Amino acid sequence: MKSRITPDEPFPADLGRLRDEDVEILNSKVHREIEHEVAEDGEVATETEFRKAELAEELDDREDGPRLTLVPQHANPEDSAGTSGEPAPGAQETAAPGERTETAPSRFAFDAERN
């Protein structure tokens with residue numbers, strides 16, 4: 001097994017598709033290459049610098065965890081339902097604590113009994 005990856009060797013186009021272990025191994029190999037380049041040439045190759053930055057970003061993203069949102073993101077806000085001030089289809093009304101709102105019809109009998 002080779003402990004470093006040279007700028008001429010293939011590098012994955014999409015780090016997001018790799019397992020955590022593989023990204024960490026690749027990161028280690030890039031850092032070993034940086035040490036080698038500095039020792040041999042006195043500087044780091046541009047490609048190696050780009051790879052290090054890309055790996056650092058990927059590892060940071062993974063460390064932050066998945067980005068969960070409760071509202072779907074739309075490319076164009078005008079395309080999203082509810083931008084005209086009307087609730088989106090299927091949206092439920094929310095109430096302040098102690099305030100009662102009308103509820104949507106339920107599929108289950110016990111839900112109707114609770115209201």
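All figures in this text were calculated on a predicted structure; none of them were measured in a lab.

Tracing the backbone through its elements, the reader meets serine 28 in helix 1 (residues 20-41). Residue classification places serine 28 among the partly exposed residues on the basis of a relative accessible area of 39%.

Membership of the largest hydrophobic core is limited to 8 residues, which are Ile5, Phe11, Leu15, Val23, Leu26, Val30, Ile34 and Leu55. No other element matches the 4 residues that helix 1 contributes to this core. Sequence-distant contacts of isoleucine 5, defined by excluding residues within four places in its chain, comprise Pro10, Phe11, Leu26, Lys29, Val30, Glu33 and Arg51.

On to the pattern of salt bridges. If you walk through the whole model with that rule in mind, you get 7 salt bridges. Note that glutamate 9 and lysine 2 form a salt bridge whose closest N and O atoms lie 2.8 Å from each other. Note on lysine 2: relative accessible area 40%, which makes it partly exposed. For the salt bridge of glutamate 21 with arginine 19, the shortest nitrogen-to-oxygen distance reads 3.5 Å. With relative accessibility at 52%, the residue arginine 19 sits in the exposed group. If you follow the salt bridges from partner to partner, you end up with Arg19, Glu21 and Asp22 in one network.

The next thing to look at is helix 1. The end-to-end C-alpha distance of helix 1, which contains 22 residues, comes to 31 Å, matching closely the 32 Å that a straight helix rising 1.5 Å per residue would cover. What helix 1 keeps buried is the set Val23, Leu26, Asn27, Val30, Glu33, Ile34 and Glu37. Within helix 1, the buried residues cover an arc of 120 degrees as seen down the axis, which keeps them to one side. Exposed side of helix 1, more than 90 degrees from the buried face: Glu35, Ala39 and Glu40 are the residues found there. Where helix 1 is buried, its residues meet helix 2 (46-64). Trailing helix 1 by a residue or two, glycine 42 shows a phi angle of about 80 degrees, which is positive.

Moving on: helix 2. Because each turn of an α-helix spans 3.6 residues, side chains separated by three or four positions in sequence point in the same direction. Compared with an ideal rise of 1.5 Å per residue, which puts 19 residues at 27 Å, helix 2 spans 27 Å between its outermost C-alpha atoms and is within 8% of the ideal. For helix 2, the set of buried residues is Thr48, Arg51, Leu55 and Glu58. Seen along its axis, helix 2 keeps its buried residues to an arc of 90 degrees; they face one direction. The exposed residues of helix 2 that point more than 90 degrees off its buried face are Thr46, Phe50, Glu57 and Asp64. Close packing links the buried residues of helix 2 with helix 1. One or two positions beyond helix 2, positive phi appears at glycine 65, with a value near 85 degrees.

Procedures and definitions
- Residues numbered from 1 in each chain as written.
- Predicted model: local features only at pLDDT ≥ 70, side-chain atom pairs only at ≥ 80, totals over all residues.
- Heavy atoms only, no water.
- Helix = DSSP H or I, 4+ residues; strand = E, 2+ residues; numbered from the N terminus.
- Buried < 20%, exposed > 50% of the residue type's maximum accessible area, 1.4 Å probe, protein only.
- Core = buried A, V, L, I, M, F, W, Y, C linked by side-chain atoms within 4.5 Å.
- Contact = heavy atoms within 4.5 Å.
- Salt bridge = Lys/Arg side-chain N within 4 Å of Asp/Glu carboxyl O.
- Expected span 1.5 Å × (residues − 1).
- Arc of directions from axis to C-beta.

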